[in-house]
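Listed below are the residues making up each chain.
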Amino acid sequence: MSRTTLCVLTALGLSSLSLLFMLLRSSALGEEVHAPRGPGTWRITLVVEGKARSRAKLWTAVPLDTDRQRVLDAQYFSDQFTSKPPHNLLGEQHRVVWSPKQNSELGRFQTRSEFLVKLVRSRTGELATQERTGLHAPPRPGEYLSSEERIESDHDRVSDKARELTEEGIDNANQLDIAQALFHFVEQRIHNELRFQNTPLSALACLERGAGDRAARCRLLVALLRNRNIPARMVQGLTLSRGPEQMPHYWVEAFVHDHWLAMCPTYRLFGRVNSTYLIFAIGDRPLVSSRNVSDLQYAFLVERLVDKDSPPAQKEYSARRLFKAISLHELPSSDRRLVEVLLLMPVAALLVCIFRNLIGLSSFGTFAPALIGLAFHDLNSLPGLVVFVSILLVGWLMRRFLDSYHLLQVPRVATMLTLIMALLVSLIVLSHLWGTTTTRYISLFPIVILTGMVERFWTLETEDSTYASFKTLLQTLLMSVVIAFVLSQSWLIHQLFCYPETLGLVMAGQLLIGRYTGYRLTELFRFRDLIYPPQPPGYVA
Amino acid sequence: MFWLLKAARRLRELGILGMNRRNAAYILDHNPRDRFPLVDDKMRLTRLCQSLGVPTPLVYAEITSYAQLRHLPKVLGCREEFVIKPNRGSAGRGVLVIIGRDPQGYRRHNQQLLHIDDLRQHLSDILSGMYSLGGQPDTALIQQRVRLHPSFESISYKGIPDIRVILYRNQPAMAMLRLPTRESGGRANLHQGGIGAGVDLSTGRTHHAVQHNRLIQHHPDTGRPVLGVCVPCWNEILQLSRQVSAAIGLGYIGVDVVVDAEYGPLLLEANARPGLAIQIANGRGLLPQLQAIDARLDSPILEVGQTTTQSIPTAPQDAAVLVAADSR
């Protein structure tokens, strides 16, 4: 059997195996292939309506994706507005930015965000979350301690009240006791009231009135805690329960004994909140905010998803159980993000094969474009690439300068690396001075290959020509941009994530290209004079 | 789209060997990986040639460590001309040609003056692997400088032309003469602006010439015709290429030969992944030649000492006749 036949047969075998596996998986899991259902899975819909004026803008919150609450799916719809989803569901800037579509008329609009969320039940009896990272990382020194708008923690009246509450019968060295005393005050002495005005009530006003809505009471509790030097913050979200049109809920977290301790004055919960508390945001910023919009209204719709085909009581098939167990949806959120990147890498590699063996482009380093493309696929590719290329070019100028020192190779590359890192640090400092964030465009792993690329760029320039090195740079960038674009397609990520066996198809493609002996696209250009021989000079027809 | 398909079909008709096919069907299938060090390591190749009796440029010294650089003046002695090259370099990278000596230093082929420290720096770059395949640490060779053969005087600019022969299963398949130009800086590399002239295998005369993949008839610097030039010692060149190819054991190989004014043809280096530009230089594709060699070697009638009355399949016979006509 010829090698090519062997290759084609292997590729066919691989593809049919992975297709078979996909079929099995989808028949065993049904709809659940795309997102798991069952206890703890909820669909939350946030609908926002209003009247848009020119240059309108809308920001809506997104549930945080953490180990305790996993966002399985997020979709955004609107006829009048375009949506720009957040890059990362964890972090400060996790908001969807909506702006009017190019051709749509101003006026009434509606936007709808749908989230599929799975809540993971925490172990009972736990006083506070045990996690110490991400959302639950300890506050930086001074963080969540100072006074801010509507939380007047250093106002005299707040101070007096806090001191008065913790004076008697309280061990002032024990922060848990202090927190408890302050919580009881707010919970018992400050009356709960409903407010319909849009202006939020501040902590101080709430204390003076002796009453406030759930948000104001939380602000007061935060102010009192901060006044007693306990880092505290407001948490916004929903308390999930069946029933339409839920209101945003507020509760408080205080950093006591090295842990974030949750407390909810509204439902009289101290120490921990129910596992149905879904966190949308940390802080006092409204969940929906807008610019140049009037009559803004919003509401949440909460639905519990229960699988109709198999109620939890009924025993599941073993195949179904197996596929459920190995489903990537079951992984914790940090692992899921890693798996996503790992799954995209072979696709990037396949694209590199296509570029090099079918099209015939060349690049600095075989898989450098794949790495760059992958690094920029979840960012806005363009600014990231511009930063990347400018660092590369500045690095190249530095390399030319360094050449006059005649350093040995390894120390020279080390010096280059130091220079590039210094350049990056100064870039970060400068962008901070200008008030922009560059850091999200700089991720560590393309930076490491950057030094190697500078060296290759310089070598090619000196050995061949500046033209040749810029040509190769351009081809590298072209490949990276296309790879970044393809990898950013959400359907592709979804497909790979729901059916990881798609990698079999990817590998089949790689095998087939591995025995492709036809011409590369660029060779048609390279050998053009042989295809259409030019007439020699002086030739007369 | 249609144009692309038409172009690809035309290339196939012309028998142009593409990069993918070269790699998959010739290099991967005919060149065992364990023979690669023989061609990548110039010192090993030189020793192999010595054992075969194939002439190569003399190696004056091999620099293997930084410590040796201190004694560089002693190593160079009073030599006026020499070539420094990386042992495992490729495509002429890192080659330094010294053509004379002044009180101020060493004179390069482009008249640039180099101090002994510059030579040391260059050698240390070579040792650290700057020019070697894959950036591995390397050694440096100090080699005899080849003198320009009188037949090439009119068609080369400040450098030595070399002859690349591609051999398939130890049979010469195609050859070209590479001529240095002002643009290529005295190097005979095609992608740097050197001239590639296809050489007829049977006569040793150039029949087609290109620079930057475009057809030319005269040398751009000297103005002399580059077509119809007769390569001296042609049969010897073919003979020594065959010898070296057989000894190395690679099925698809490029052999570079230079012709010295005094010593005649010298084997310069061999290449396990010879490029495809030779097809442009010759104005024809490699595939018919390769297929003809396959047909010739696999056809029973041509096997030595064997007579057969078997009918021969038409296609190989046609191909064999084709190559016979071609070489006449």
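Draft legend 1. Representation of a nonpolar patch on the surface. A cluster of nonpolar residues, A:Met1, A:Leu6, A:Val8, A:Leu9, A:Leu12 and A:Leu512, forms a patch on the protein surface that exposes about 600 Å² of accessible area. Relative to the helices and strands, A:Leu6 is located in helix α1 (residues 3-29).

Draft legend 2. Representation of the interface of chain B and chain A. Opposite the 40 residues of chain B that make contact, chain A presents 29 residues. The contact between chain B and chain A buries some 3200 Å² in all, and 55% of this surface belongs to carbon and sulfur atoms. When residues of chain B are sorted by the area they lose upon contact with chain A, B:Leu11, B:Asn20 and B:Met130 head the list and together hold 19% of the total. For A:Arg515, the salt bridge identified is with B:Asp29, shortest N-O distance 3.6 Å. Where chain B touches chain A, the interface holds seven residue pairs in polar contact (both at pLDDT 80 or more). Only α1 (2-14), α2 (19-30), α6 (116-127), β11 (214-215) and α8 (277-282) of chain B provide two or more residues apiece to the side of chain B that touches chain A. Sort the elements by how many residues they give to the side of chain B that touches chain A and α1(B) lands first, with nine residues. Among the residues making up the side of chain B that touches chain A, the classes are represented as 17 nonpolar, 13 polar and ten charged.

Draft legend 3. Molecular detail of the pattern of salt bridges. Residues and elements named next belong to chain A. Evaluation of the coordinates by the stated rule reveals 31 salt bridges over all chains. A salt bridge links Glu114 to Arg112, with the nearest nitrogen and oxygen atoms 3.1 Å apart. Between Glu149 and Arg150 there is a salt bridge, with its nearest N and O atoms 3.7 Å apart. You can call Glu149 exposed: its relative accessible area is 63%.

Draft legend 4. Structural detail: the sheet that holds strand β8 (residues 232-239) of chain A. All names here are of chain A. A sheet is described by the order of its strands in space; here five strands give the open sequence β12-β11-β10-β8-β13, paired in antiparallel fashion. Strand pairing shows two members of the sheet lacking a second neighbour, β12 (269-271) and β13 (277-282), which therefore form its edges. Each neighbouring strand pair of the sheet contributes to a mean axis angle of 30°, computed without reference to strand direction. Here strand β11 (residues 259-264) runs beside β12; their pairing, made up of three bridges, is antiparallel. Its bridge partner being in β12, Ala262 is matched across the sheet by Gly271. Its contacts with the sheet put helix α3 (residues 175-189) on β10 (249-256), β11 and β12, and the angle it makes with β12 is roughly 170°. Across the face of the sheet, helix α5 (residues 214-227) comes into contact with β8, β10 and β11 while running at roughly 15° to β10.

Draft legend 5. Main features of unusual backbone geometry. Residue and element names in this part refer to chain A. Of note, the phi angle at Tyr144 is positive, near 60°, even though the residue is not glycine. Within the element layout of this structure, Tyr144 appears in the loop between β5 (107-119) and α2 (156-165). Of note, the phi angle at Asp258 is positive, near 70°, even though the residue is not glycine. Secondary-structure assignment places Asp258 in the loop between β10 and β11.

Draft legend 6. Fine view of the pairing of strand β10 (residues 206-211) of chain B. All names here are of chain B. Taking burial as the measure, the six residues of β10 include five buried ones, the bulk of the element. One ladder, built from five bridges, connects strand β9 (residues 195-199) with β10; its direction is antiparallel. Residue pairing for β10: Ile195 is matched across the bridge by Gln211. Connecting β9 to the next strand, β10, in antiparallel fashion are six residues, including Gly204 with a positive phi near 75°. Note: β10 against β11, two bridges, orientation antiparallel. Note on β11: the bridge partner recorded for Gln211 is Arg214.

Draft legend 7. Up close: the confidence of the model for chain B. Residues and elements named next belong to chain B. Confidence in the prediction for chain B averages 81 pLDDT; 89% of positions are at 70 or higher. Per-element confidence in chain B is highest for strand β7 (residues 162-168), whose mean pLDDT is 93, and lowest for helix α10 (residues 314-327), whose mean pLDDT is 38. The low-confidence segment residues 302-328, where pLDDT is below 50, has 18 contacts with residues more than four positions distant or belonging to other chains. Scored as a complex, the prediction yields pTM 0.69 and ipTM 0.73.

Draft legend 8. Region of interest: the nonpolar core. Ranked by internal contacts, the top residues of the largest apolar core, which has 67 residues, are B:Leu177, B:Ile248, B:Tyr252 and B:Leu286. When sequence neighbours within four positions are dropped, the list of residues in contact with B:Ile248 reads B:Arg35, B:Leu38, B:Val39, B:Leu45, B:Leu48, B:Ile253 and B:Ala270. Residues A:Met453, A:Phe457, B:Leu96 and B:Ala140 belong to the second largest nonpolar core, which totals 43 residues.

Draft legend 9. Looking closely at the sheet that holds strand β12 (residues 252-260) of chain B. All names here are of chain B. If you trace the seven strands from one edge of the open sheet to the other, you get β11-β10-β9-β8-β7-β12-β13, paired in antiparallel fashion. Pairing within the sheet leaves two strands with one partner each, and these edge strands are β11 and β13 (264-271). Against the sheet, α2 engages β7 and β12, with an angle of about 85° to β12.

Draft legend 10. Examining the side chain of B:Asp200 more closely. Residue and element names in this part refer to chain B. Mapped onto the elements of the fold, Asp200 is located in the loop between β9 and β10. Despite its burial, Asp200 remains without a salt bridge, the nearest opposite charge being carried by Arg284 at 5.0 Å. Here the side chain of Asp200 touches Thr203 through a polar contact of 3.3 Å, landing on its backbone nitrogen. Residues contacting Asp200, with those up to four places away along its chain left out, are Arg205, His207 and Trp234.

Draft legend 11. Structural detail: the packing of aromatic side chains. Taken as a whole and judged by the stated rule, the model has 19 aromatic pairs over all chains. Seen from their ring centres, A:Phe115 and A:Phe280 are 6.3 Å apart, and the 80° between their planes marks the pair as edge-to-face. On the criterion of sequence distance, the pair formed by A:Phe115 in strand β5 and A:Phe280 in strand β13 is long-range, its members being 165 residues apart. Per residue, the accessibility class of A:Phe115 equals that of A:Phe280, and both read buried. Relative to B:Tyr252, the ring of B:Tyr26 has its centre 5.8 Å away and its plane inclined at 40°; by these criteria the two rings are tilted. With B:Tyr26 in helix α2 and B:Tyr252 in strand β12, this residue pair connects regions lying 226 residues apart in the sequence.

Thresholds, definitions, all that
Residues numbered from 1 in each chain as written. Chains lettered and ligands numbered in written order. Predicted model: local features only at pLDDT ≥ 70, side-chain atom pairs only at ≥ 80, totals over all residues. Heavy atoms only, no water. Patch = residues over 30% accessible without salt bridge, like charges linked within 9 Å, V, L, I, M, F, W, Y side chains within 5 Å. Areas by Shrake-Rupley, 256 points an atom, 1.4 Å probe, with all protein chains shown as cover. Salt bridge = Lys/Arg side-chain N within 4 Å of Asp/Glu carboxyl O. Helix = DSSP H or I, 4+ residues; strand = E, 2+ residues; numbered from the N terminus. Contact = heavy atoms within 4.5 Å. Buried area = accessible area lost by both parts, 1.4 Å probe. Polar contact = N/O pair within 3.5 Å; in protein donor to acceptor, adjacent residues only side chain to side chain. Nonpolar A, V, L, I, M, F, W, Y, C, P; charged D, E, K, R; others polar. Buried < 20%, exposed > 50% of the residue type's maximum accessible area, 1.4 Å probe, protein only. Pairing = 2+ DSSP bridges. Axes fitted to C-alpha atoms, helices over the stretch in contact; angles between N-to-C directions. pLDDT = per-residue confidence, 0-100. Core = buried A, V, L, I, M, F, W, Y, C linked by side-chain atoms within 4.5 Å. Lys, Arg positive; Asp, Glu negative; His and termini not counted. Phe/Tyr/Trp six-rings, centres within 6.5 Å; stacked < 30°, edge-to-face > 60°.

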